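As a plain string of letters, each chain reads:
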Protein chains: 2
Amino acid sequence: MYAAKYVGRGAIAVVEVEASPPAAAEVQIAVAYTGICGTDLHVLHGAMDTRVSVPAILGHEMSGRIAGLGAGVTGWAVGDPVTVMPLCWCGSCPACQSGNSHICQQLNFVGIDSPGALQQRWNVPAALLVRLPKTLPLAPAALVEPTAVAVHDVRRAELVPGEAAVVVGAGPIGLLIACVARIEGARVLVTEIDWLRRETAARLGFDVLDPAAPGAVDQVDDWAAGAGAAVAFEVSSSQAGLDFALRSLAVRGRLVVVGIHPPRREIDLHRVFWRELTLAGARVYQRPDFERAVELVAGGGIPTETLISRIEPLDTAEAAFRCLESGQGVMKVLVKCGSDG
Amino acid sequence: MYAAKYVGRGAIAVVEVEASPPAAAEVQIAVAYTGICGTDLHVLHGAMDTRVSVPAILGHEMSGRIAGLGAGVTGWAVGDPVTVMPLCWCGSCPACQSGNSHICQQLNFVGIDSPGALQQRWNVPAALLVRLPKTLPLAPAALVEPTAVAVHDVRRAELVPGEAAVVVGAGPIGLLIACVARIEGARVLVTEIDWLRRETAARLGFDVLDPAAPGAVDQVDDWAAGAGAAVAFEVSSSQAGLDFALRSLAVRGRLVVVGIHPPRREIDLHRVFWRELTLAGARVYQRPDFERAVELVAGGGIPTETLISRIEPLDTAEAAFRCLESGQGVMKVLVKCGSDG
């Protein structure tokens, strides 16, 4: 079988490897599709070389079918369509002990800290499986993982139906958050500096705004009936996006920090105090988020056709990374690792 | 009657003024004690001259007795002991309309935006009155207002009994937060760079820590059973205090921003994301906070004797400000405006 490996220095090599049988409590998955995300690109660019063991098989957004069962695995059968919630936690750290195992302090994020789904056969602990409906095609099913991120982010916002929500940044996660928030009853405004992404958001039926346009923040107030938004999602990972998100909030508004901000950021804490705002970090997902994401993708609420920009065969997996890194107009790129059927 | 007025250029003048009868829906209060707070000092130092109309009668922490009733006031009698919740809201802005009138966008904070309690007779809308128990002496009763701030802050933290809470900054508000958090069932650690304030906190039975000492943050982890604190209150108004508070939090910890931070502050948002932390601004109080504060002060849970450093007669009110501004070892300074009886 073949696997696509990050081999360092910005390169992906597709190589033949021997498939090993699943260990006890594991299943072997015949991977159908694996999505590439921004974090995978960071790895490719060498930004996570201290964390990733090179060569590394990346990939944590996927769909496939069970191809084999390790000893002791029950409740699953060969042929079952599945996706994987790629989190292995320790069970004993303070995060795990407080019911937050998804942000375990020794988290093994499968596909980064251990081998991922950019291969034809993938062995994973059966405990990580998430069942897919038989009626759901496997290409859109590869979007369950990023949808689960969005579900988690919206849950962290404690969104109430009817509230006004601003999404700052219209990449795949931003658009998925917008979709989930709309399904949960929010009025959604998507702000994005890139006109192509803004156009995609508009095509999906969202109100859109260029946050760099003069007076843009005041337009948020107008859009939100003079009050500002109840919720903002910072998905741009930029200082400007953060400022915009914070400035767009109504009294007692909640800002969910989704984007990754390695440098320290400046925040107008006086505004946080004055308006009694809340900022909440949101990272990955919990099992109910994943299950809800399956429902949403299977139910047609997620515009997977618009979001999947391209499907690349495993042979040319590096092209999937190059396509994503080109930016302009590209949303989600999938690698087809095996059969749909 | 006499009033102490901020007359600009850092000065307080005690002058004779004519008492006016209470208007309709107002009461006249014979003020007994008025506390001086950090905001009053800011006003004295000219930092709020754009907001305050000079000359200004300051004072919003007080106790007294009703001395006269305006037309249409019911439910109150001359002689009733009272304090005042010094917030007048507009009722129509988005904050008021969303049930957050305490942070009304046109808030009139009585004692800053309109005349306050540093006078012998004070007319206020009857709607602002808060009843005091007849058994509560009026000097400690002047601490109800800052205690209401602390009650509000602890409520914003959504504290659960048994949780570990760190209070960064042991001025009067910090110590009141520590007291309220302890009453609500928290294990409390007070961190403070000033040794005199740290000693006061220790005398009140709190665990204390010098946050500037080497390894201090790791000591918080140790103190909190290796996990970090569930809640931190930033009451120092400093970048260092903010950093310390954020760094001291456990996974899913909540930081309540109590201190005022006029400059933009740097925040490690990656930590907020990674640990799914929450930051919440907390400003003034709502009516239930005030009523709870009366209960706590009357119930003896608030160490008012330790907190009241000095009581100054109205004649020499400026000395109360000078005493507070001297810092070292001074907690709360009250001005005695009239009779206790």
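Novice: Provide a residue-level description of the pairing of strand β8 (residues 121–125) of chain A, including the pertinent values.
Specialist: Residue and element names in this part refer to chain A. Going residue by residue along β8, you find W122 and V124 tucked away on one face and R121, N123 and P125 left uncovered on the opposite face. Across five bridges, the pairing between strand β3 (residues 26–36) and β8 is antiparallel. Note that in β8 the partner of V27 across the bridge is V124.

Novice: Describe the domain arrangement of chain A, with residues and values.
Specialist: How big an interface is tends to be reported as the loss of accessible area on association of its parts. All names here are of chain A. Domain annotation for chain A reports domain 1 (2–142 + 303–336) and domain 2 (148–281). Spacing between the C-alpha centres of domain 1 and domain 2 amounts to 29 Å. Of the residues lining the interface, nine residues belong to domain 1; the matching set on domain 2 comes to 13 residues. Carbon and sulfur atoms make up 74% of the surface buried where domain 1 meets domain 2, a total of about 890 Å² over both sides. Broken down residue by residue, the surface that domain 1 buries against domain 2 is led by T306, L307 and M331, which jointly contribute 50%. Counting the contacts that link domain 1 with domain 2 gives zero salt bridges. Across the contact surface, domain 1 and domain 2 share one residue pair in polar contact (both at pLDDT 80 or more).

Novice: Now, about helix α12 (residues 317–326) of chain B: what can you tell me, with residues and values included?
Specialist: Residues and elements named next belong to chain B. Those residues of α12 lying buried are A317, A320, F321, C323 and L324. Projection of α12 onto a plane perpendicular to its axis shows the buried side chains occupying an angular sector of 160°, all on one side. Where α12 is buried, its residues contact β1 (2–8), β2 (11–16), β3 (26–36), α1 (38–44), β17 (308–313) and β18 (332–336). The first or second residue beyond α12 is G327, which carries a positive phi of 80°.

Novice: Could you give me a rundown of the nonpolar core, with the residues and numbers involved?
Specialist: Ranked by size, the top nonpolar core spans 105 residues in total, and within it B:I29, B:L118, B:W122, B:L129, B:F233 and B:Y285 carry the most contacts. Each of domain 1 (2–142 + 303–336) and domain 2 (148–281) of chain B contributes no fewer than three residues to this core. With near-sequence residues (within four places) excluded, B:L118 lies in contact with B:A3, B:A4, B:T34, B:I36, B:I57, B:L58, B:G59, B:L314, B:F321, B:V335 and B:C337. Counting 104 residues, the second largest nonpolar core, distinct from the first, contains A:L41, A:W76, A:V297 and A:A320.

Novice: Talk me through the relation of the copies chain B and chain A; I want residue IDs and the actual numbers.
Specialist: In screw terms, the move from chain B to chain A is a rotation of 180° and a rise of 0.0 Å along the axis, fitting with an RMSD of 0.0 Å. Taken together, the rotation and translation describe the operation of a two-fold axis. Mapped onto chain A, 100% of the interface residues of chain B again fall at the interface, so both copies present the same surface.

Novice: Would you mind going over the pairing of strand β10 (residues 164–168) of chain A in detail, with residue names and values included?
Specialist: Residue and element names in this part refer to chain A. Of all five residues in β10, five are buried; the element is thus mostly enclosed. The parallel pair β10 and strand β11 (residues 187–191) is bridged by helix α5 (residues 172–183), and the resulting crossover is right-handed. With four bridges joining them, β10 and strand β13 (residues 229–234) adopt parallel strand pairing. Across the sheet, A165 pairs through a bridge with V231, a residue of β13.

Novice: So what about the environment of B:F290? Which residues, and what values?
Specialist: Residues and elements named next belong to chain B. By the secondary structure assignment, F290 is in helix α10 (residues 287–298). The exposure class of F290 is buried, given its relative accessible area of 0%. For the pair F290 and L41, spaced 249 residues apart in sequence, the C-alpha separation works out to 23 Å. Not counting chain neighbours up to four residues away, the residues in contact with F290 comprise T83, V84, M85, P86, V130, V144, E145, A148 and Y285.

Novice: Any details on unusual backbone geometry? Residues and values, ideally.
Specialist: All names here are of chain A. Geometrically, the link from V54 to P55 is a cis peptide bond, its omega value of -5° lying close to zero. Relative to the elements of secondary structure, P55 occurs in the loop between α1 (38–44) and β4 (61–69). Phi at R9 takes a positive value of approximately 50°, unusual for a residue other than glycine. Along the chain, the position of R9 falls in the loop between β1 (2–8) and β2 (11–16).

The rules behind each value
- Residues numbered from 1 in each chain as written.
- Chains lettered and ligands numbered in written order.
- Predicted model: local features only at pLDDT ≥ 70, side-chain atom pairs only at ≥ 80, totals over all residues.
- Heavy atoms only, no water.
- Buried < 20%, exposed > 50% of the residue type's maximum accessible area, 1.4 Å probe, protein only.
- Helix = DSSP H or I, 4+ residues; strand = E, 2+ residues; numbered from the N terminus.
- Pairing = 2+ DSSP bridges.
- Domains from an automatic or database assignment.
- Contact = heavy atoms within 4.5 Å.
- Buried area = accessible area lost by both parts, 1.4 Å probe.
- Salt bridge = Lys/Arg side-chain N within 4 Å of Asp/Glu carboxyl O.
- Polar contact = N/O pair within 3.5 Å; in protein donor to acceptor, adjacent residues only side chain to side chain.
- Arc of directions from axis to C-beta.
- Core = buried A, V, L, I, M, F, W, Y, C linked by side-chain atoms within 4.5 Å.
- Least-squares fit on C-alpha atoms with pLDDT ≥ 70 in both.
- Right-handed = clockwise from strand over helix to strand, strands pointing away.

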